[in-house]
Amino acid sequence: MSIEILEKRIKTLENQVKEQQKELTIFRDIEDIKRLQRAYGFYLENWMAQEVIDCFADGPDVRLEIALGNFVGKKGVKRFFNTYLDQREHPSQEFLHMIMQLSGIVDVDPRGNTASGRWYAWGAIALPRNDGIHQAYMGGIYAADYVKQDGKWKINVLKFHPKITSRPVNGWVKPEKVAPDDAESRRMPPIKPDTQRIFDTYYPSGFISPFHFKHPVTGEVTSDKKRNASLGF
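All figures in this text were calculated on a predicted structure; none of them were measured in a lab.

(A) Layout of unusual backbone geometry. Here tryptophan 47, not a glycine, exhibits a phi torsion of approximately 50°, which is positive. As for its placement among the helices and strands, tryptophan 47 is situated in the loop between helix H1 (3-45) and helix H2 (49-54). Note on tryptophan 47: relative accessible area 8%, which makes it buried. A positive phi angle is found at aspartate 150, which is not glycine, with a value near 55°. Tracing the backbone shows aspartate 150 in the loop between strand E5 (132-149) and strand E6 (152-166).

This is the structure in structure tokens:
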């Protein structure tokens, strides 16, 4: 076998290795972005304002577009999450914003510094107000742009496009199609003393299911343990 053929084969192998390394980098970037977006949802559930804010990038192009308005720049994001619920440390224990982010699709730009994603967003919200607790089911689409800063993926633009909102008492199924309410089938069995603590975490306890991971941007331990401790958990 000639030197020329060997050199050609070596060059081909080198190119294949480079392509595999590139694909691996993209795969890791996509997984990091998915982790970031999922963490955002968990923090939002309990209105952990600082953790949510830390998910966003720094820069003038940062933007949060939701039904309550457009919040521009990191300052705008901070203003919304720090003042909307009018709570100094954390919201009422009766507040709840559970959100499932499903069927996520993430595409990373070939240069590897920006990316875009799309997610189904489905969840339930309970907002305490002077006239009581407003509760609803919500569904829509999250459209997001991401940017890598200092080696960390962060949210640059997050838009929520609502699709449906419904009060639990009404639902969205036509009345004649709704199944009868079988209260007997939903009755809970007697609570054993050794399992009572489990039911103490039910809404509106304010309990946050502890996070096993640190914040994906700051690398810091999140505030769930401190919040739970203040509530006696």
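Now, onward.
(B) Local environment of H1. With 43 residues, H1 should cover 63 Å at 1.5 Å per step; its first-to-last C-alpha distance of 63 Å lies within 8% of that length. Inspection of H1 places Asp29, Ile30, Ile33, Lys34, Leu36, Gln37, Ala39, Tyr40, Gly41, Tyr43, Leu44 and Glu45 among the buried residues, and these make up the whole buried set. Within two residues after H1, tryptophan 47 carries a phi angle of roughly 50°, on the positive side.

(C) Summary view of the packing of aromatic side chains. Counted under the stated rule, the structure contains 14 aromatic pairs. Between tyrosine 40 and tyrosine 142, the ring centres sit 6.2 Å apart and the planes meet at 80°, which makes this aromatic pair edge-to-face. Separated by 102 residues along the polypeptide, tyrosine 40 in helix H1 and tyrosine 142 in strand E5 bring together distant segments of the chain. Assigned by exposure class, tyrosine 40 and tyrosine 142 land together as buried. Taking 4.9 Å as the distance between ring centres and 55° as the angle between the ring planes, the aromatic pair formed by phenylalanine 207 and phenylalanine 233 counts as tilted. With a gap of 26 residues between them, phenylalanine 207 in the loop between helix H4 (196-199) and helix H5 (224-230) and phenylalanine 233 in the segment after H5 connect regions that are remote in the sequence. Judged by relative accessible area, which is 29%, phenylalanine 233 ranks as partly exposed. Here the aromatic residues Tyr40, Trp47, Phe56, Phe71, Phe80, Phe81, Phe95, Tyr142 and Phe160 are joined through ring pairs into a cluster of three or more. Over the ring of phenylalanine 213 we find arginine 35, and its NZ or CZ is 5.1 Å from the ring centre.

(D) Highlighting the sheet that holds E6. Spatially, E2-E1-E6-E5-E4-E3 is the arrangement adopted by the six strands of the open sheet, whose pairing is mixed. Two strands lie at the open edges of the sheet, namely strand E2 (69-72) and strand E3 (96-108), each paired on one side alone. Strand-to-strand twist across the sheet, computed as the mean angle between neighbouring axes with direction ignored, equals 15°. Direction of pairing for strand E1 (residues 63-66) relative to E2: antiparallel, over a ladder of four bridges. Each bridged residue has a counterpart across the sheet, and for glutamate 65 the counterpart in E2 is asparagine 70. Contacting E1, E3, strand E4 (114-129), E5 and E6, H1 runs over the sheet at an angle of about 165° to E3. Sheet contacts for helix H3 (residues 73-83): E1 and E2; angle to E2, the most-contacted strand, approximately 130°.

(E) Region of the structure containing the environment of isoleucine 141. Mapped onto the secondary structure, isoleucine 141 falls in strand E5. According to the relative accessible area criterion, isoleucine 141 is buried, its value standing at 5%. In this structure the C-alpha to C-alpha distance between isoleucine 141 and tryptophan 122, which are 19 residues apart in sequence, comes to 8.5 Å. Those residues in contact with isoleucine 141, other than ones at most four positions away along the chain, are Arg118, Trp119, Tyr120, Lys159, Phe160, His161 and Lys163.

(F) Quick look at the pattern of salt bridges. Applying the stated criterion to the full structure yields five salt bridges. A salt bridge links arginine 111 to aspartate 109; the shortest N-O distance between them is 3.2 Å. Using a relative accessible area of 26% as the deciding quantity, one classes aspartate 109 as partly exposed. Connected via shared salt-bridge partners are Asp58, Lys74 and Lys154.

(G) Quick look at the nonpolar core. In this structure, Tyr40, Phe56, Leu64, Phe81, Tyr142 and Tyr146 are the most contacted members of the largest nonpolar core, which totals 44 residues. Of all elements in the fold, only H1, H2, H3, E3, E4, E5 and E6 reach the threshold of two or more residues within this core. Among the elements that take part in this core, H1 stands out by supplying seven residues, more than any other. If we ignore the near neighbours within four places in the chain, the residues touching phenylalanine 81 are Tyr40, Leu44, Trp47, Ala49, Val52, Ile53, Phe56 and Leu64.

Cut-off values and rules
- Residues numbered from 1 in each chain as written.
- Predicted model: local features only at pLDDT ≥ 70, side-chain atom pairs only at ≥ 80, totals over all residues.
- Heavy atoms only, no water.
- Helix = DSSP H or I, 4+ residues; strand = E, 2+ residues; numbered from the N terminus.
- Buried < 20%, exposed > 50% of the residue type's maximum accessible area, 1.4 Å probe, protein only.
- Expected span 1.5 Å × (residues − 1).
- Phe/Tyr/Trp six-rings, centres within 6.5 Å; stacked < 30°, edge-to-face > 60°.
- Lys NZ or Arg CZ within 6 Å of the ring centre and 35° of its normal.
- Pairing = 2+ DSSP bridges.
- Axes fitted to C-alpha atoms, helices over the stretch in contact; angles between N-to-C directions.
- Contact = heavy atoms within 4.5 Å.
- Salt bridge = Lys/Arg side-chain N within 4 Å of Asp/Glu carboxyl O.
- Core = buried A, V, L, I, M, F, W, Y, C linked by side-chain atoms within 4.5 Å.

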